[in-house]
Amino acid sequence: MNVDVKTAPAPADVLLDSPVIASVGVIGAGQMGNGIAHVCAVAGLPVVMLDAKPEALDKAIATISRNLDRQVHKNLISAEDKAAALARITASGDYAAFDDCDIVIEAATEREEVKKAIFLQLVPHLKPSAMVASNTSSISITRLAAVTDRPEKFIGMHFMNPVPVMKLVEIIRGIATDEPTFQAVMALAHRLGKTTAVAEDFPAFIVNRILVPMINEAVYALYEGVGHVNSIDSGMKLGTNHPMGPLELADFIGLDTCLSIMQVLYDGLSDSKYRPCPLLVKYVEAGWLGRKTGRGFYDYSQHPPRPTR
């Protein structure tokens, strides 16, 4: 059969009308936000990093500098590369600073109402061609996009933690995301040296759909007395060759984030297998959120950290 080459679609990897992303904005200067700013700056992109708290921005720049030093020490980049990367990052508390960005990546806390409020503040300051991405690890891209004036230019870009080290980025299209946006964001991820996994817009996407229920099951095993913290973590590290046990990993991710993802899964899929473990809920209610608060399934005020249960 003959194909009319004038009407046949171009292959996805050679789409000619995809916009080129030459400048990036990042909302949130926490662990994920400063990591995203870091890899963008190292890749040669000017970055505007925004946070409502000036002290968070100062802390983020210091963290990025330390992480760049580690890369210099490992001969991954040069001292000149470090200086150039830091020079590309502009810290700001004003959304107007995003007025010339080609894409703005939101990396705020994993709460839907917080993210929606951010997007409502953001979009009046964007140029018409600007794209918007969310680093959400579980929330519907379609729902988040619907609060903006550009759902066709909205996409999920879920980086793994720690961003400068982990190679994967999940790319999630909302129902309205257009092909040029998808291709531009795929190209951006590859420019950052990342490998992409394309996920459908279902609760928690791919990685957390599989990972966080495993963590929740480990918490159930602890809750039901199947094993104590060390037994569960040692069993999974040595029995399945995981680099971290599930409870240690939960502390690293943040127990509040784990709980939020389980709630998204439970609400979105209406399946009892995704019910958050009551012990996980209790730890979050106590403010024992893991490493970031100094206490979770382990007490980090001691060395080595001591199990709390």
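Residues numbered from 1 in each chain as written. Predicted model: local features only at pLDDT ≥ 70, side-chain atom pairs only at ≥ 80, totals over all residues. Heavy atoms only, no water.

Short version of the rule: UniProt positions are given in the numbering used here, feature names are shortened, and annotations may be inferred rather than shown by experiment.
An unreviewed UniProt entry annotates the protein as 3-hydroxybutyryl-CoA dehydrogenase of Rhodovastum atsumiense. UniProt annotates the protein under Sequence similarities (unreviewed entry) with the comment "Belongs to the 3-hydroxyacyl-CoA dehydrogenase family."

Things to note about the UniProt feature "binding site: NAD(+)" (unreviewed entry) in the protein
Our working rule: Burial classification: accessible surface area is computed with a 1.4 Å probe over protein chains only, and a residue below 20% of its type maximum counts as buried, one above 50% as exposed, and the rest as partly exposed. Think of a polar contact as two N or O atoms within 3.5 Å of one another; within protein, one of them needs to be a possible hydrogen donor and the other a possible acceptor, and neighboring residues in sequence only count if both atoms come from side chains. Strands here mean DSSP runs of E at least two residues long; helices mean DSSP runs of H or I at least four residues long; both are numbered from the N terminus. Contact definition: two residues touch when any of their heavy atoms are within 4.5 Å.
According to UniProt, the "binding site: NAD(+)" (unreviewed entry) feature falls on Gly28, Ala29, Gly30, Gln31, Met32, Gly33, Asp51, Glu110, Lys115, Ser137, Asn161 and Lys292. When its relative accessible area of 1% is taken as the criterion, Lys115 is described as buried. Polar side-chain contacts of Lys115 include one of 3.1 Å to the backbone oxygen of Ala108. Following the sequence through the fold, Lys292 ends up in the loop between α11 (278-285) and β9 (298-299). By relative accessible area, Lys292 is classed as exposed at 52%. In this structure Lys292 touches Gly254, Asp256 and Thr257, once residues within four positions along its chain are discounted. One polar contact links Lys292 to Asp256, side chain to side chain, over a distance of 2.9 Å.

Section: the packing of helix α2 (residues 54-73) against helix α3 (residues 79-87)
Helix-helix packing: each pair is described by the crossing angle between the helix axes and the interaxial distance. Our working rule: The axes are straight lines fitted to the C-alpha atoms, using for helices just the contacting stretch, and the angles between their N-to-C directions are given from 0 to 180°. Orientation labels follow simple angle bins: below 35 degrees gives roughly parallel, above 145 gives roughly antiparallel, 65 to 115 gives roughly perpendicular, and whatever is left gives oblique. Put simply, a crossing is left-handed when the front helix is turned counterclockwise from the back one by less than a right angle, and right-handed when it is turned clockwise. Just so you know the grouping, Ala, Val, Leu, Ile, Met, Phe, Trp, Tyr, Cys and Pro go in nonpolar, Asp, Glu, Lys and Arg go in charged, and all remaining residues, Gly too, go in polar.
Where α2 meets α3, the axes come as close as 9 Å, and the angle between the chain directions of the two elements is 160°. Here α3 runs roughly antiparallel to α2, going by the angle between their axes. For the crossing formed where α2 meets α3, the hand is right-handed. On α3, the residues touching Ile61, Ile64, Ser65, Leu68, Asp69 and Val72 of α2 are Ala79, Lys82, Ala85 and Leu86. Classifying every residue of the contact of α2 with α3 gives seven nonpolar, one polar and two charged.

Structural notes on helix α1 (residues 31-42)
Quick note on the threshold: Residue count minus one, scaled by 1.5 Å, sets the expected span of a helix.
Its 12 residues place the ends of α1 17 Å apart at the C-alpha level, agreeing with the 16 Å of an ideal helix rising 1.5 Å per residue. When you tally the buried positions in α1, you get 10 out of 12 residues, the bulk of the element. Along α1, the residues that are buried comprise Met32, Gly33, Asn34, Gly35, Ile36, Ala37, His38, Val39, Cys40 and Ala41. Gly44, located one to two residues past α1, shows a positive phi value of around 95°.

Structural notes on unusual backbone geometry
Here the residue pair Asn161 and Pro162 is connected by a cis peptide bond, since its omega of 0° sits within 30 degrees of zero. Residue placement: Pro162 occurs in the loop between β6 (154-159) and β7 (168-173). The backbone of Ala204 shows a phi angle near 70°, a positive value even though the residue is not glycine. Assignment of secondary structure puts Ala204 in the loop between β8 (195-199) and α7 (207-223). Located in the positive-phi region is Phe205, a residue other than glycine, with phi close to 60°. Relative to the helices and strands, Phe205 resides in the loop between β8 and α7.

Describing the side chain of Glu248
Within the secondary structure, Glu248 sits in helix α9 (residues 246-253). Not counting residues within four places of it along the chain, the set of residues in contact with Glu248 comprises Asp233, Lys237, Arg291 and Tyr298.

A word on the nonpolar core
Operational definition: Think of a nonpolar core as a cluster: buried Ala, Val, Leu, Ile, Met, Phe, Trp, Tyr and Cys residues, connected wherever their side-chain atoms sit within 4.5 Å.
Ranked by size, the top nonpolar core spans 39 residues in total, and within it Ile103, Met157 and Phe159 carry the most contacts. Membership of the second largest hydrophobic core comes to 27 residues, among which are Ala221, Cys258, Leu265 and Phe297.

Some words on the UniProt feature "site: Important for catalytic activity" (unreviewed entry) in the protein
UniProt's feature table lists "site: Important for catalytic activity" (unreviewed entry) at His158, given in the numbering used throughout. Residue position: His158 is located in strand β6. When residues no more than four places from it in sequence are discounted, the contact partners of His158 are Ser134, Asn135, Thr136, Ser137, Leu168, Val169, Glu170, Ile172 and Asn208. A distance of 2.7 Å separates polar atoms of two side chains, one belonging to His158 and the other to Glu170.

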